[in-house]
Amino acid sequence: RHMANEPIPKRDYDVLIKQLDTVFTDRDRLRLVKAAASSFSFTCDQVREIAYVSRFGNAKVASVVALHPVISDPANFANVFSDKGVFYEEDKAELRKQLNVVIP
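Residues numbered from 1 in each chain as written. Predicted model: local features only at pLDDT ≥ 70, side-chain atom pairs only at ≥ 80, totals over all residues. Heavy atoms only, no water.

Visitor: Please explain the packing of aromatic side chains as it appears in this structure.
Guide: Geometry of an aromatic ring pair is reported as the spacing of the ring centres plus the angle between the planes. All told, the structure shown has two aromatic pairs when counted by the stated rule. Residues Phe 77 and Phe 81 carry aromatic rings whose centres are separated by 5.4 Å and whose planes lie at 80° to one another, so their mutual orientation is edge-to-face. Across the pair, Phe 81 and Phe 77 agree in class, each one buried. Where Phe 81 meets Phe 87, the ring centres are 4.9 Å apart and the plane angle is 55°; that geometry is what we call tilted. As far as burial versus exposure is concerned, Phe 81 and Phe 87 are alike and both buried. Every member of this aromatic cluster is reached through a ring pair, and the members are Phe 77, Phe 81 and Phe 87. Sitting above the plane of the Phe 87 ring, Lys 60 keeps its charged end 6.0 Å from the centroid. (Phe/Tyr/Trp six-rings, centres within 6.5 Å; stacked < 30°, edge-to-face > 60°. Buried < 20%, exposed > 50% of the residue type's maximum accessible area, 1.4 Å probe, protein only. Lys NZ or Arg CZ within 6 Å of the ring centre and 35° of its normal.)

Visitor: Teacher, can you tell me more about helix α1 (residues 10-22) here?
Guide: One full turn of an α-helix is made of 3.6 residues, so residues set three or four places apart face in the same direction. When the terminal C-alpha atoms of α1 are compared, their 18 Å separation across 13 residues agrees well with the 18 Å that a helix rising 1.5 Å per residue should span. Inspection of α1 places Tyr 13, Leu 16 and Leu 20 among the buried residues, and these make up the whole buried set. Buried residues along α1 cover an arc of 60° about the axis, so they all sit on one side. Exposed and oriented more than 90 degrees from the buried face of α1 are Arg 11, Lys 18 and Thr 22. The elements touched by buried residues of α1 are α2 (26-39) and α3 (44-54). (Helix = DSSP H or I, 4+ residues; strand = E, 2+ residues; numbered from the N terminus. Expected span 1.5 Å × (residues − 1). Arc of directions from axis to C-beta. Contact = heavy atoms within 4.5 Å.)

Visitor: What exactly am I supposed to notice about helix α5 (residues 89-99) here?
Guide: Looking at α5, one finds that the buried residues are Asp 91, Lys 92, Leu 95 and Leu 99. With its buried residues spanning 95° around the axis, α5 presents them on a single face. Away from its buried face, by an angle of more than 90 degrees, α5 presents the exposed residues Glu 89, Glu 90 and Lys 97. At its buried positions, α5 is contacted by α4 (57-67). Looking one or two places after α5, you find Asn 100, whose phi comes out positive at around 55°.

The values reported here are purely geometric and, on their own, carry no functional implication.
This is the structure:
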């Protein structure tokens, strides 16, 4: 876990969410997420919102995996899954496998 990244400023976060919402492909979404993760850290609530905007299971899972190392509040990881409509059970199972974490 490397936490050298600064928290993403609200303005940059708002731009990222808008971009994620307007790009057409999961590959483009993931490219944006990875670029943001290389520069900033994210709260678990922000990771949940990014996953929500990612729409489809594979993109959601890939977004959480990409952001997991730069989560600024890892003790709150369960918050990523607090909105029942964001992740299906198969998404959670894949994340448990990829990240080796307990997911509610």
